[in-house]
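# A look at the structure
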Amino acid sequence: MNEETDNPFPEKAGYETVRRYEEMLRNNTRYYFDVDEFEDIIDHYMDTNRLSKALDVAQYATRQHPLATGILIRKAQILIDKGQPLDAIRICKEVAKIEPDNPELYIAQGIGYNHLGDFKSAVRAFDHGLTLVNENKPEVIYQIALSMQQVNQYKLAMKYLQQAINLDPENITVLYDMAFCCERLEMLEKSVEYYKRYLDLDPYSENVWYNLGVVYNRLDNFEKAIESYDYAIAIDETYSSAYYNKANTLANLNLYREAIEVYKEFLFHEEDTEQVLCYIGECHEKLGEMDEALVYYRKVLKMNDKFADAWLGIGLVMFEKQMYYESLYYVKRAIILEEDNQDAWYAQGRVYTKLEFYEEAVASYEKALELDHYDEESWVNLADLYYHTKKIRKASETLEEGLLYNKDSGLMLVRYAAYLVLTGDIEKACTVLLQAVKADRYMSVEFDIYFPGEPPEVIKNILNKYRP
């Protein structure tokens, strides 16, 4: 093996200096190093994430060169990385007395303030430091933006990223971070814009196409999301995350057959995973292919008999087959394995209702709603359960509470209106029904289906006015 291959950091500046420093430690002696040599040694340990060693060097170096600002600034940077920002800021303030025009000390000071959560002081330090920067200003600004991102200050990060892109409009790294920050700030359309600008400069970045797909998914633009994932896959046919997200998106569009094929492509590139096999089973279930669904759910249980979603999946298949006692067994197993599985509690409520175990059904739906107050179906089913057991006022009160969390739910509003009519509160029923049918005219049809007999004339007039 040649000497170059044996070298742990070949051709790296300062290698001989680092070797000499480590030799000094082994021999327990004292060598002299000039400032530049110490800086090389510190940089080496910082670059290799050996912060304690870097700090030891900085402390040794300051004894030989107590006024060397480059060493002091590096010491401050190390202290920040080691979680000692107050000590770092103190050093930066001392350095400012020696070399007040050095921008690095203000940048380090700003990063220290960031770690303390004092963002106003950080911005003041950063902005002052930038007035002193003469070289590589876009890179310095970008490093400030990264510091802001690391403490989740995405709005402030955008301020600096915008400055960086103004100086260097084709810097794809900055564009990427701008898109990322916009996504974190829920500025999804702007995020798309920056990802597209990136792709105009580098159309073969599979990661950016993938990220663009994720943002389109969040915008509910599923067709564009699929197109973006397809580009990522075209660039890298082994990009398993793109297959996974594409399959999920197809399933969201109720394109279950296509989703199954893409899930299988994912499994071709990855080992079988319980969750993906369950998703395939669920797609077969949605297609009405219950036996095929069972094949996948049971395959999961052979791999991992503690996987709650597979037990629940079998329980749902049994429910569709009207095998309610068998369904209850599997759903209960899911709950035993995962007590906070909201879907399982909801499913148990449905099974108990079919078995006419109404008290148990109520308790199941209440637990489901405890886990997710925004679950419209659990509110509706619980209210229907009270309705069918002749507890109309309780049904009405249930939907009144549920609408606190789902105020725009047409289905809940129209049922609530029906219950209000049945309890004799016609005035309030009119108000609620108007809210429902104005939002969705088809809710007038839902009222006809749901309400028994002839409604009062004033209710009929509202329904007739808003017929689809």
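Analysis parameters
- Residues numbered from 1 in each chain as written.
- Predicted model: local features only at pLDDT ≥ 70, side-chain atom pairs only at ≥ 80, totals over all residues.
- Heavy atoms only, no water.
- Axes fitted to C-alpha atoms, helices over the stretch in contact; angles between N-to-C directions.
- Helix = DSSP H or I, 4+ residues; strand = E, 2+ residues; numbered from the N terminus.
- Parallel < 35°, antiparallel > 145°, perpendicular 65-115°, else oblique.
- Left-handed = near helix turned anticlockwise from the far one by under 90°.
- Contact = heavy atoms within 4.5 Å.
- Nonpolar A, V, L, I, M, F, W, Y, C, P; charged D, E, K, R; others polar.
- Salt bridge = Lys/Arg side-chain N within 4 Å of Asp/Glu carboxyl O.
- Buried < 20%, exposed > 50% of the residue type's maximum accessible area, 1.4 Å probe, protein only.
- Arc of directions from axis to C-beta.
- Core = buried A, V, L, I, M, F, W, Y, C linked by side-chain atoms within 4.5 Å.
- Expected span 1.5 Å × (residues − 1).
- Disulfide = S-S within 2.5 Å.
- Phe/Tyr/Trp six-rings, centres within 6.5 Å; stacked < 30°, edge-to-face > 60°.
- Lys NZ or Arg CZ within 6 Å of the ring centre and 35° of its normal.

## Examining the packing of helix 25 (residues 410–422) against helix 27 (residues 443–450)
It is the contact of helix 25 with helix 27, at a shortest axis distance of 10 Å, that shows an interaxial angle of 45°. Judged by the inter-axis angle, helix 25 sits oblique to helix 27. For the crossing formed where helix 25 meets helix 27, the hand is right-handed. On helix 27, the residues touching Gly410, Leu411, Val414, Arg415, Ala417, Ala418 and Tyr419 of helix 25 are Met443, Glu446, Phe447 and Tyr450. A class-by-class count of the residues in the contact of helix 25 with helix 27 yields 8 nonpolar, 1 polar and 2 charged.

## Focus: the pattern of salt bridges
Tallying each qualifying case throughout the model produces 20 salt bridges. Between Arg19 and Glu16 there is a salt bridge, with its nearest N and O atoms 4.0 Å apart. Within this pair, Arg19 and its partner Glu16 are both found in helix 2 (residues 15–27), separated by 3 residues, close to a single helical turn. Judged by its relative accessible area of 39%, Arg19 falls in the partly exposed class. Residue Arg415 is joined to Glu446 by a salt bridge in which the shortest nitrogen-to-oxygen separation is 3.0 Å. Note that Arg415 is positioned in helix 25 and Glu446 in helix 27, a separation of 31 residues in sequence.

## What to know about helix 24 (residues 392–402)
Each α-helix turn comprises 3.6 residues. Residues three or four places apart therefore point the same way. All of the buried residues along helix 24 are Ala395, Ser396, Thr398, Leu399 and Gly402. Buried positions in helix 24, seen along its axis, are confined to an arc of 160° and lie on one side of it. Those residues of helix 24 hidden inside the fold are in contact with helix 23 (376–388) and helix 25.

## Observations regarding the nonpolar core
Counting 128 residues, the largest nonpolar core has Tyr160, Leu161, Tyr263, Leu433, Phe447 and Ile459 as the members making the most contacts within it. With residues near it in sequence (within four places) discarded, Leu433 still touches Val414, Ala417, Phe447, Ile459, Ile462 and Leu463. Membership of the second largest hydrophobic core comes to 32 residues, among which are Met46, Leu51, Ile78 and Ala88.

## Details of the environment of Ser228
Looking at the secondary structure, you find Ser228 in helix 14 (residues 222–235). With relative accessibility at 2%, the residue Ser228 sits in the buried group. In this structure the C-alpha to C-alpha distance between Ser228 and Glu206, which are 22 residues apart in sequence, comes to 9.1 Å. Ignoring sequence-local partners within four residues, the contact set of Ser228 consists of Trp209, Leu212, Gly213 and Tyr216.

## Some remarks on helix 12 (residues 188–201)
With 14 residues, helix 12 extends 20 Å from end C-alpha to end C-alpha; this agrees with the ideal 20 Å at 1.5 Å per step. All buried positions along helix 12 are accounted for by Leu188, Ser191, Val192, Tyr194, Tyr195, Tyr198 and Leu199. Each buried residue of helix 12 lies within a common arc of 165° when the element is viewed along its axis, so the set occupies one face. Among the exposed residues of helix 12, those pointing more than 90 degrees away from its buried face are Glu189 and Asp200. Where helix 12 is buried, its residues touch helix 10 (154–167), helix 11 (172–184) and helix 13 (206–218).

## Some remarks on the state of the cysteines
Applying the stated criterion across every chain yields a total of 0 disulfides. Counting only cysteine sulfurs, Cys182 is the nearest neighbor of Cys181, a cysteine outside any disulfide, at a range of 7.2 Å.

## Overview of the packing of aromatic side chains
The geometry of two aromatic rings is summed up by the distance between their centres and the angle between their planes. Per the counting criterion, the structure on display carries 26 aromatic pairs. Taking 5.4 Å as the distance between ring centres and 65° as the angle between the ring planes, the aromatic pair formed by Phe319 and Tyr324 counts as edge-to-face. What makes Phe319 buried here is its relative accessible area of 9%. Relative accessible area serves as the criterion here: at 18%, Tyr324 is assigned to the buried category. Taking the centre distance of 5.6 Å and the plane angle of 35° together, the rings of Tyr387 and Tyr419 count as tilted. Within this pair, whereas Tyr387 is found in helix 23, its partner Tyr419 is found in helix 25, the two being separated by 32 residues in sequence. Neither Tyr387 nor Tyr419 differs from the other in exposure class; each is buried. Ring pairing ties together the aromatic residues Tyr21, Phe33, Phe38, Tyr45 and Tyr60, which thus form one cluster. Of note, Arg333 hangs over the ring of Trp311, and the distance from its end group to the ring centre comes to 4.1 Å.

Remember that the coordinates give geometry; whether it matters functionally is a separate question.
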